[in-house]
Amino acid sequence: LTSGGFFFKDAQDSTQETGFVPKVNVSYHINDDKMIYMTYSQGFRVGGVNGLKPGSSAQVLSLFGNFDSDKLKNLEWGTKTTWLDGRLRVNATAYIMKWDNIIVQVEDPSPFFQVFFANFPEAEIRGFEMDFAWLPAEGWNVYGSGAYNSAKVSADATFGTPVVVSANEGDRLPIAPEWKGALGVEYNFQREVFGAQPYVSFDLAYTGASVNSLNGI
């Protein structure tokens, strides 16, 4: 049916999935101030159905009607510690994540411009995070955090729209800077002024460069 130069088509589809998402944690307290732990967990995002425009490449070639859920498998090791009679807290974590069947947004550049979701094979994310808080003297608080994140495609993939787009093993994942950090200093005057406790603070944050899309997609 055409009307005013537009093409309309009603269609219905559905998807259904079942699964099990586990989480296991093991921790050991070295003493009252220090502990180590290991966690294995999984997570997912549910799949769905693409609303494709009639005439778009994805619809004509019967591509990408449905997309499946993706799954993230996470293994991490970490420690939580306090020092100096509780005046210094230091926490650290290292992790490896395997991301399978990744749901990504793809643009079909045909004249019927279409945005749809598709499944991408896999990626691997490795990194570590740490944070600390230190009370060097009465009224003072020094705190900070840092993180390194290596998030990369771990298998080649190609989407076969008329304009072939692909991503290669080793390409960086989008919106995932390698380095992030923050540092702050706060001083509390420890006195009440007009019913409130005044303080001053200085905060500095750094976020490294990142890409905004998968290479070629």
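Heads up: the structure comes first, above all this text.
Rules and cut-offs
For every chain, the first residue of the written sequence is number 1, and numbering continues from 1 onward in sequence order. Two thresholds apply to this predicted model, a pLDDT of at least 70 for residue-level local features and 80 or more for giving and counting side-chain atom pairs, whereas whole-chain, interface and lining totals are computed over all residues. Excluding hydrogens and water, the side-chain figures rest on all heavy atoms present in the structure. Definitions used throughout: a 1 Å grid over protein atoms alone; a cavity as a set of points that fits a 1.4 Å probe which cannot get out; a pocket as an open set with protein on both sides within 12 Å along at least five of seven lines; a lining residue as one with an atom within 4 Å of a point. Grid points are joined across faces, edges and corners, and a volume is the space filled by probe spheres set on the points. Nonpolar residues are Ala, Val, Leu, Ile, Met, Phe, Trp, Tyr, Cys and Pro. Charged residues are Asp, Glu, Lys and Arg, and all others, Gly as well, are polar. Numbering of helices and strands runs from the N terminus, with a helix taken as a DSSP run of H or I at least four residues long and a strand as a DSSP run of E at least two residues long. Residue contacts follow a heavy-atom distance rule, with two residues in contact if any of their heavy atoms lie within 4.5 Å. In what follows, salt bridge is the name for a side-chain nitrogen of Lys or Arg lying within 4 Å of a carboxyl oxygen of Asp or Glu. Exposed residues in this analysis have more than 50% of their type's maximum accessible area, buried residues have under 20%, and partly exposed residues fall in between, with area computed by a 1.4 Å probe over protein chains only. Two rings from Phe, Tyr or Trp (for Trp, the six-membered ring) form a pair when their centres are within 6.5 Å of each other. A pair whose planes differ by under 30 degrees is stacked, one over 60 is edge-to-face, and the rest are tilted. In this scheme, the term charge over a ring applies when either NZ of a lysine or CZ of an arginine sits within 6 Å of the ring centre and within 35 degrees of the ring normal.

### Regarding empty space enclosed by the protein
Per the counting criterion, the structure on display carries 1 cavity of 30 Å³ or more. If you add up the space inside the largest cavity, you get close to 30 Å³. As for the largest cavity, its lining consists of N149, S150, A151, K152, R172, A176 and E178. For the lining of the largest cavity, the per-class residue count stands at 2 nonpolar, 2 polar and 3 charged.

### Points about the environment of L214
Examined against the element boundaries, L214 turns out to sit in the segment after β14 (199-207). Taking the C-alpha atoms as reference, L214 lies 9.7 Å from K152; in sequence the two are 62 residues apart. In contact with L214, other than residues within four places in its own chain, are V104, F120, V153, R172, L173 and P174.

### A closer look at the pattern of salt bridges
The tally for this structure, following the rule as stated, stands at 4 salt bridges. When the shortest N-O distance is used, the salt bridge between R45 and D70 registers 2.7 Å. Taken as a pair, R45 in strand β4 (residues 34-45) and D70 in strand β7 (residues 70-83) lie far apart in primary sequence, 25 residues in all. What makes R45 partly exposed here is its relative accessible area of 40%. Owing to a relative accessible area of 2%, D70 belongs among the buried residues under this scheme. Because the salt bridges share partners, they merge into one network encompassing K98, E124 and R126.

### Focus: the packing of aromatic side chains
If you walk through the whole model with that rule in mind, you get 5 aromatic pairs. Ring centres of F128 and W179 lie 6.3 Å apart, and the angle between their planes is 80 degrees; this geometry places the pair in the edge-to-face category. Of this pair, F128 sits in strand β9 (residues 114-134) while W179 is found in strand β13 (residues 179-188), placing the two residues 51 residues apart along the sequence. Judged by its relative accessible area of 37%, F128 is partly exposed. Each ring, one from Y187 and one from F189, has its centre 5.1 Å from the other, and the planes form 80 degrees; the classification is edge-to-face. Positioned over the ring face of W83 is K34, at 3.9 Å from the centre of the ring.

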